[in-house]
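Report on the structure
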Amino acid sequence: MIQNLMNMKIRSYGCITKPGLLLVHPDLPCKPRLIFASSNGVPSNHGKRIGYITRLQYSVADRTFVSRSANSSLSKVDTTHLEQRQGGSSSLYSRPSILQMKNQRAENRARVYEFLKGIGIVPDELDGLELPVTVEVMRERVDFLHKLGLTIEDINNYPLVLGCSVKKNMIPVLDYLGKLGVRKSTFTEFLRRYPQVLHASVVVDLSPVVKYLQGMDIKPNDIPRVLERYPEVLGFKLEGTMSTSVAYLVGIGVARREIGGVLTSYPEILGMRVGRVIKPLVEYLESLGIPRLAVARLIEKRPHILGFGLEERVKANVESLQEFDVRKTSLASIIAQYPEIIGIDLKPKLLNQRNLLHSALDLGPEDFPTIVERMPQVVSLGKTPILKHVDFLKDCGFSLQQVRQMVVGCPQLLALNLDIMKFSFDYYLKEMGRPLDDLVAFPAFFTYGLESTIRPRHQMVAKKGLKCSLSWLLNCSDEKFKERMNYDSIELEEMEMVSSFDMNTLMEPRRDESASDYEEDSDDEYA
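1. Structural notes on the overall build of the protein
Of regular secondary structure, the protein possesses 26 helices and 5 strands. Per-residue burial over the protein gives 42% buried out of 527 residues. Long-range pairs, those at least 24 residues apart, make up 64% of the contacts in the protein between residues at least 6 apart in sequence. Of the roughly 29700 Å² of accessible surface on the protein, a fraction of 52% belongs to carbon and sulfur atoms.

2. Some remarks on the environment of I305
Locating I305 in the fold gives a position in the loop between α13 (292–301) and α14 (310–323). With 37 residues separating them in the primary sequence, I305 and I342 have C-alpha atoms 8.2 Å apart. If sequence neighbours within four positions are ignored, I305 has contacts with L281, L298, I299 and P339.

3. What to know about the environment of P132
Within the secondary structure, P132 is located in the loop between α3 (98–118) and α4 (135–147). Judged by its relative accessible area of 9%, P132 falls in the buried class. In the structure, P132 is positioned 20 residues away from V112 in sequence and 7.8 Å away in space, judged by C-alpha atoms. Discounting residues that sit within four places of it in the chain, P132 has contacts with V112, V137, M138 and R141.

4. A closer look at the packing of aromatic side chains
Scanning the model with the defined rule gives 8 aromatic pairs in all. With a centroid separation of 5.3 Å and 65° between ring planes, the pair formed by Y428 and F445 is classed as edge-to-face. With Y428 in helix α20 (residues 418–432) and F445 in the loop between α21 (436–441) and α22 (450–464), the pair connects residues that are 17 residues apart, well separated along the chain. For the residue pair Y428 and F445, the accessibility class agrees, reading buried in each case. Arranged with centres 5.5 Å apart and planes meeting at 80°, the rings of F445 and F446 form a pair that is edge-to-face. Accessibility assignment for this pair places F445 and F446 in one class, buried. Following the ring pairs from residue to residue traces out a cluster consisting of F398, F425, Y428, F445 and F446.

5. Re the pattern of salt bridges
This structure, assessed with the given rule, holds 18 salt bridges. Taking the shortest distance from any N to any O, the salt bridge between R183 and E228 comes out at 2.6 Å. Of this pair, R183 sits in the loop between α6 (166–180) and α7 (187–193) while E228 sits in helix α9 (residues 223–229), and the two are 45 residues apart along the sequence. Residues E268 and R229 are paired through a salt bridge, measuring 3.4 Å at the closest nitrogen-oxygen approach. With E268 in the loop between α11 (259–265) and α12 (274–287) and R229 in helix α9, this residue pair connects regions lying 39 residues apart in the sequence. Of the residues examined, R229 reaches a relative accessible area of 29% and is grouped as partly exposed.

6. Remarks on α12
Residues three or four positions apart in an α-helix share a direction because the helix packs 3.6 residues into each turn. For α12, the principal kink sits at P280 and spans about 30°. Turning to α12, the residues buried within the fold contact α10 (241–252), α13, α14 and α15 (331–337). Backbone geometry just after α12 places G289 at a positive phi near 110°.

7. Quick look at the packing of helix α18 (residues 383–395) against helix α19 (residues 400–409)
Axis separation between α18 and α19 bottoms out at 10 Å; the angle between their running directions is 125°. Comparing the axis directions of α18 and α19 gives the class oblique. Seen along the crossing, α18 lies across α19 with a hand that is right-handed. Of the residues in α19, those touching α18 at V390, L393 and K394 are L400, V403 and M406. Taken together, the residues of the contact of α18 with α19 sort by class into 5 nonpolar, no polar and 1 charged.

8. Comments concerning unusual backbone geometry
A positive phi angle, close to 70°, is found at D217, a residue other than glycine. By the secondary structure assignment, D217 is in the loop between α8 (202–215) and α9. Judged by relative accessible area, which is 39%, D217 ranks as partly exposed. Look at D325: it is not a glycine, yet its phi comes out positive at around 70°. Considering the arrangement of structural elements, one finds D325 in the loop between α14 and α15.

9. Focus on the confidence of the model for the protein
Of all residues in the protein, 75% attain a pLDDT of 70 or more, and the chain-wide mean is 81. A low-confidence stretch, residues 1–91 stays under pLDDT 50, and its non-local contacts, those more than four residues away or across chains, total 101 contacts. Between residues 512–527, whose pLDDT stays under 50, and residues either more than four places distant or in other chains, the model counts 34 contacts.

10. Notes on the packing of α14 against helix α16 (residues 346–361)
The contact between α14 and α16 brings their axes to 9 Å, and the two run at 25°. It follows from the interaxial angle that α14 and α16 lie roughly parallel. Crossing of α14 against α16: the hand is right-handed. Between α14 and α16, the contacting residues are N317, S320, L321 and E323 on the first element and L346, K347 and L350 on the second. The residue inventory of the contact of α14 with α16, partitioned by class, reads 3 nonpolar, 2 polar and 2 charged.

Cut-off values and rules
- Residues numbered from 1 in each chain as written.
- Predicted model: local features only at pLDDT ≥ 70, side-chain atom pairs only at ≥ 80, totals over all residues.
- Heavy atoms only, no water.
- Helix = DSSP H or I, 4+ residues; strand = E, 2+ residues; numbered from the N terminus.
- Buried < 20%, exposed > 50% of the residue type's maximum accessible area, 1.4 Å probe, protein only.
- Contact = heavy atoms within 4.5 Å.
- Areas by Shrake-Rupley, 256 points an atom, 1.4 Å probe, with all protein chains shown as cover.
- Phe/Tyr/Trp six-rings, centres within 6.5 Å; stacked < 30°, edge-to-face > 60°.
- Salt bridge = Lys/Arg side-chain N within 4 Å of Asp/Glu carboxyl O.
- Bend = angle between axes of the 7 residues up to and from the residue.
- Axes fitted to C-alpha atoms, helices over the stretch in contact; angles between N-to-C directions.
- Parallel < 35°, antiparallel > 145°, perpendicular 65-115°, else oblique.
- Left-handed = near helix turned anticlockwise from the far one by under 90°.
- Nonpolar A, V, L, I, M, F, W, Y, C, P; charged D, E, K, R; others polar.
- pLDDT = per-residue confidence, 0-100.

Printed below as a string of structure tokens:
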């Protein structure tokens with residue numbers, strides 16, 4: 001048997017075997033090697049063989065695994081010697097234990113925390129968040145956020161932003177926003193309001209929201225405006241609040257073609273819950289006497305009214321109006337004319353304006369609610385414009401009592417453009433030759449355009465030789481005026497027409513361009 005073993009062909013694959021000595025090249029390819037060795041060599045006498053050791057040795061991933069079997073005659077000393085030698089060889093390629101790695105991570109995090117505390121950042125909320133293992137990488141993130149304009153206070157408001165990689169998270173998101181047209185000058189405020197955007201995936205999170213907004217008829221050029229005004233929209237789910245709020249508005253009568261303009265002007269609607277915010281406000285306005293379709297038209301023109309808090313602001317302002325003796329039946333008309341009146345801090349304004357008009361016109365408390373009902377914008381007029389208009393009317397020759405009567409009859413006199421009023425008054429005196437009492441009876445004369453209405457109608461009446469009041473001359477549409485020109489006489493009831501706000505005009509379909517070109521109405525019509 002020994003002889004047969006000696007005749008076996010032994011392949012070493014880079015190993016040199018000698019009695020009691022084994023050398024292995026660890027850089028050679030991994031191949032199994034079956035090696036027989038003896039401390040005394042291989043004897044020819046079959047009966048004297050002692051202590052054969054069979055080792056199956058592998059070299060895998062810089063480690064050596066040895067499987068050996070020995071008969072009972074191998075000495076403990078040799079075994080111990082071999083184990084020590086093998087252990088010393090494998091220790092060169094050993095990996096840290098789980099405990100060692102855990103301790104190392106704790107040490108790295110402690111150093112990062114120490115750095116953050118040193119610059120004023122409180123890291124308490126960062127436990128459990130994957131952070132850079134080195135202070136240098138964390139410093140890079142903090143410096144990048146500083147370049148974006150964020151302060152230490154901003155980072156403390158949302159410390160989780162420190163978990164965002166500059167190259168993998170921040171730069172791709174900011175590049176995408178820039179390509180959409182979001183101005184770099186707005187990035188600071190954008191990130192202060194919605195820093196969570198830096199965690200988002202451009203493909204998975206941001207792009208679908210932008211496509212949804214475009215599907216709501218928001219023009220591509222308006223997308224940046226929407227995002228700058230309401231960056232939180234990038235965090236909404238498409239099937240959630242955004243879709244339900246839009247569906248409800250269309251359901252109450254907001255024209256589908258106006259949705260783009262409504263959302264462009266006031267994108268906060270996309271984050272409003274129908275059941276908690278939008279629907280209760282709509283139903284309350286209906287309870288005041290405003291038809292649902294009229295509410296829809298108000299939303300088309302002034303979508304920001306949906307942001308007025310119902311309990312803390314809207315209802316409180318309605319109560320204030322009634323405290324100042326405004327009739328309940330007039331509330332609907334007041335809100336329809338000036339929706340902002342239910343969203344401002346109203347009570348102090350009512351008190352200030354009542355005192356101002358009392359001092360300027362000797363206005364009685366019973367006349368103030370009449371003025372508010374006829375022109376609710378009076379609550380927002382400044383002191384200087386009011387006094388200038390009162391002085392102008394006095395300079396025209398009207399007494400204080402006449403001025404008071406004119407203002408109560410047509411409060412718009414306190415807000416019109418003074419230059420236009422002067423041109424109209426000069427024409428009235430020089431061309432029309434009427435007494436001042438006619439203006440006292442119909443102060444709304446100043447609200448009509450001189451070239452578009454007053455001059456052409458006066459010339460037609462003068463040519464026909466008719467004698468009429470200013471109300472009969474002006475207080476009608478162009479079509480109605482043409483009919484009147486065919487009359488042989490002037491009916492009394494037409495001479496006594498009184499102008500008032502008509503709720504039905506608010507519910508008429510809009511004939512202008514789609515509100516996707518929405519621009520906030522200016523206040524140029526008021527002084």
